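Close look at the chain arrangement
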Amino acid sequence: MDILANPGPLKDIVLYDQEKHVSSAVWDGQERGALRCHEHTSKLGEWKLKPKQIELVERAGFGYLRRIPAISLDNPLISALVERWRRETNTFHFTTGEMTVTLEDIALLLGLGIDGKPVIGVTYTTCSAVCERYLGELPESNYASGGMVKLSWLKDKFSDCKDDASFDRVEYCTRAYLLYLVGSTIFSTTTGNKVPVMYLPLFEDFDDAGTFAWGAAALAFLYRALGNASVKSQSTICGCLTLLQCWSYYHLNVGRPKLNREPIHDHFPFVLRWKGKQTGPTANRDVVFYRKALDALKPCEVEWLPYENMDGRYIPDHIRNSLQLGRSKTMLISFDKAERHLPDRCLKQFALFQGIPEDVQKWVRKSRGVDGGVDLSVKMESELSEWEMRWENIVPDDVLGVDEADYMRWYLGITRKIVGRPISLSSEFQRTITNVRDILELAENFQTHDLDLERGNMISRIMNLAQDCLRDQAGVTVTTESQQQIELGKRMRGKERVRRKGMGKRRKGIDPMEDYGGSEDESQFGPVVEVGEMHLPLTHTNSVYDETHLYDPVTKVDDMELCDTIPQLPETQDINKIDGSLLDDADKSFEDSKLHEEIDTTNVMTGEEPTESMAELPEGYDVKKEDKESKVEDYDAAKEIISDVSGDENANREEEDGTEMGESVADSSPLERRGANTMVA
């Protein structure tokens, strides 16, 4: 199937949330631009930790995370990666297959523990009690919001621990640093500058804090952030974006910076490889640039095993011994967030053959309550049980693989092949409009005299389908008569207000546009379809074929007769260029009688007499001589406005060349009936 017609998925057995995904909006031309990336590592270096504090931080399991400096984020690259993330599988869907950030990645890149107790506990809706107990101070009201506290308050109060500080004060400052560290990196939120205080109780005992699986919790948090950001209505992303960006640098040759020095592989954690000064062309690399690069990703640009040449001697034992959990099908938990870890979909990242994975279990990410004092472990028993079985759910080495061609054939049927359109939406629109116009023109010019009834109706059907395509498929709007009347009324009232300024105070009762029902965009052939700057008359929206010609079932006006009777139509968009002298006698009579009636109403109220210049008006009017010029100006202005309105109705009649237009139109009974219908409307 043509990728332009259907970029996928061809089957929704895996990606069942495609309509909500940002790739659907991008395909429809709805660009949201680069995401706002919330990671707050820029001021981490302002904390001045004492040796005793550093020791406590390492015992808590964050010694390596503390060493990672602030790395400049590439927002367009992260945004393009999000467009490839699928929350149905918690994997990236690239052209070469599925990939994901695994527990192995987070252990090697950040140095966080991935084995241990789940990061879960009691939630809080206020900060006072928990801050007083674990920090020794209460935040001011302007620094606290619900169960969250501002990062700036933590830094201002605890970033500089005195040398002679008490043991309790050292612990308070260290807990404040750990809360700031996780709140600005692995658990950064979209609030911008706040962190939940629910993590503080986990830092009460620093040795016990080191037994939690902080890496698994960070990955669960990132999975949830990626899933939320992949929804087309979102514009922000949080979580550990340094991890995501460096993971991309290792696995994909897209947006990877060049280093001024050769990377030193003995640095651990491995994210420090990108600590040095980076160079490379970054100008004009927006989301579209990276999107096109990922849409055209080649197998040679993917590194499935980027860590195989790293020196394992520098990896801590507790990290090395837990790396096998990277292949565990388990549930990742971070307080109220539970996300599936599915490495069986990315076995190439473990040097294994990739088979067709099992069907994805549809599950709804429940929004669990965070009322104060609620222990979430009670509400997440099934997820916690699955985490407890993590070592029993390791994907085995002897997975039965299939031929790569068979896998790719299956994969291309269930994935979204590309995100961006190879041809811009505007170009496709113009091409579609041009083709449909050509079809419509061919059908209208097709000789139908020698066709039988069935084939004649087929030609009529083709024209109707072409017109429907212009309206519906190409997003064309048909200007209805009521909409035209409203718009025309607004324009004419605007013109009238401008004219009133030149004529002085307008007399009551004279309103040439009163009860007008015409439309300046309506031709003798019916409503006009607007396609950008193009106007197409709908000539046969409901036409019928009678083995001789197509006709309108209501008026039954012969197109050939119309063509013989009516001269070339003027431009439909500029009614102001149509000379008012084209009015026929009937129109003039209508104008004069209308104006007479309005002036008659004015004279009854004022007792004025008619002027000599208006001698054609009925006798009996009493207009004062000093108002002569004002009356003439009012008459000419009213006539000009009526001429503008009527000019559209008579735009298709002959210009003044010695032949009266009223006589020409009167000779054609079908046109006369149609003109009469327009006048009545």
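Throughout this document, residue positions are counted from 1 along each chain, in the order its sequence is written. Where local features are concerned, this predicted model is filtered to residues with pLDDT of at least 70; where side-chain atom pairs are given and counted, the filter is 80 or more; whole-chain, interface and lining totals use all residues. No hydrogens and no water enter the side-chain calculation; it runs on all heavy atoms of the structure.

By the naming in an unreviewed UniProt entry, the chain is Serine/threonine-protein phosphatase 7 long form homolog, taken from Camelina sativa.

Moving on: unusual backbone geometry. Look at the link from Gly8 to Pro9: it is a cis peptide, with omega at 0°. The peptide bond linking Phe268 to Pro269 adopts the cis configuration, its omega dihedral lying at 5°. Secondary structure counts use DSSP, requiring at least four H or I residues in a row for a helix and at least two E residues in a row for a strand, with both numbered from the N terminus. Within the secondary structure, Pro269 sits in the loop between β9 (258-259) and β10 (278-279). For Asn90, which is not a glycine, the phi torsion comes out positive at approximately 55°. Counting through the fold element by element, Asn90 comes out in the loop between β2 (85-86) and β3 (91-94). The backbone of Ala351 sits at a positive phi, close to 60°, despite the residue not being glycine. Within the secondary structure, Ala351 sits in the loop between β12 (337-341) and α14 (376-379).

Before going further, it helps to examine the sheet that holds strand β7 (residues 194-196). Pairing between two strands is assigned when DSSP locates at least 2 bridges connecting them. Here three strands make up an open sheet; going across it, the order is β5-β6-β7 and the pairing antiparallel. If you trace the sheet from one side to the other, it starts and ends with β5 (144-145) and β7, each paired once. Alignment of β5 against strand β6 (residues 148-150), held across two bridges, turns out to be antiparallel. Pairing of Ala144 across the sheet is with Val149, part of β6.

Assignment of secondary structure puts His93 in strand β3. Categorising residues by exposure relies on relative accessible area from a 1.4 Å probe, with only protein chains included: less than 20% of the type maximum marks a residue as buried, more than 50% marks it as exposed, and the intermediate range marks it as partly exposed. For His93, a relative accessible area of 2% gives the class buried. Pairs of N or O atoms within 3.5 Å make up the polar contacts considered here, provided that, within protein, one atom can donate a hydrogen while the other can accept it, and that residues adjacent in sequence are counted only when both atoms are side-chain atoms. A polar contact of 3.5 Å, which involves the side chain of His93, links it to the side chain of Thr91. Within the local environment of His93, its side chain forms a polar contact with the side chain of Thr415, the two groups lying 2.9 Å apart.

Moving on, we come to the packing of helix α2 (residues 51-59) against helix α8 (residues 167-184). Helix packing geometry: the angle between the two helix axes and the distance between the axes. At their nearest, the axes of α2 and α8 sit 10 Å apart, and the two run at 55° to each other. Of the possible angle classes, the one that applies to α2 and α8 is oblique. Relative to α8, the crossing made by α2 is right-handed. Residue-level inspection shows Lys52, Gln53, Leu56 and Val57 of α2 in contact with α8, the latter providing Phe167, Val170, Glu171, Cys173, Thr174, Tyr177 and Leu178. Orientation is described by axes fitted as lines to C-alpha atoms, over the contacting stretch for helices, and by angles from 0 to 180 degrees between their N-to-C directions. Note that the term roughly parallel is reserved for angles under 35 degrees, roughly antiparallel for angles over 145, roughly perpendicular for angles of 65 to 115, and oblique for everything else. Definitions for this section: a left-handed crossing has its near helix turned counterclockwise from the far helix by less than a right angle. A right-handed crossing has that turn clockwise. Contacts are residue-level and defined by heavy atoms, with any inter-residue pair within 4.5 Å sufficient.

What follows concerns the packing of aromatic side chains. Think of it this way: a Phe, Tyr or Trp ring, Trp meaning its six-membered ring, pairs with another when their centres are within 6.5 Å, and the plane angle makes it stacked under 30 degrees, edge-to-face over 60, tilted otherwise. What the rule picks out here adds up to 24 aromatic pairs. Measuring from centroid to centroid gives 6.1 Å for Phe62 and Phe203, while their planes differ by 80°, and the two rings are edge-to-face. With a gap of 141 residues between them, Phe62 in the loop between α2 and α3 (63-67) and Phe203 in the loop between β7 and α9 (206-209) connect regions that are remote in the sequence. In terms of burial, Phe62 and Phe203 fall into one category: buried.

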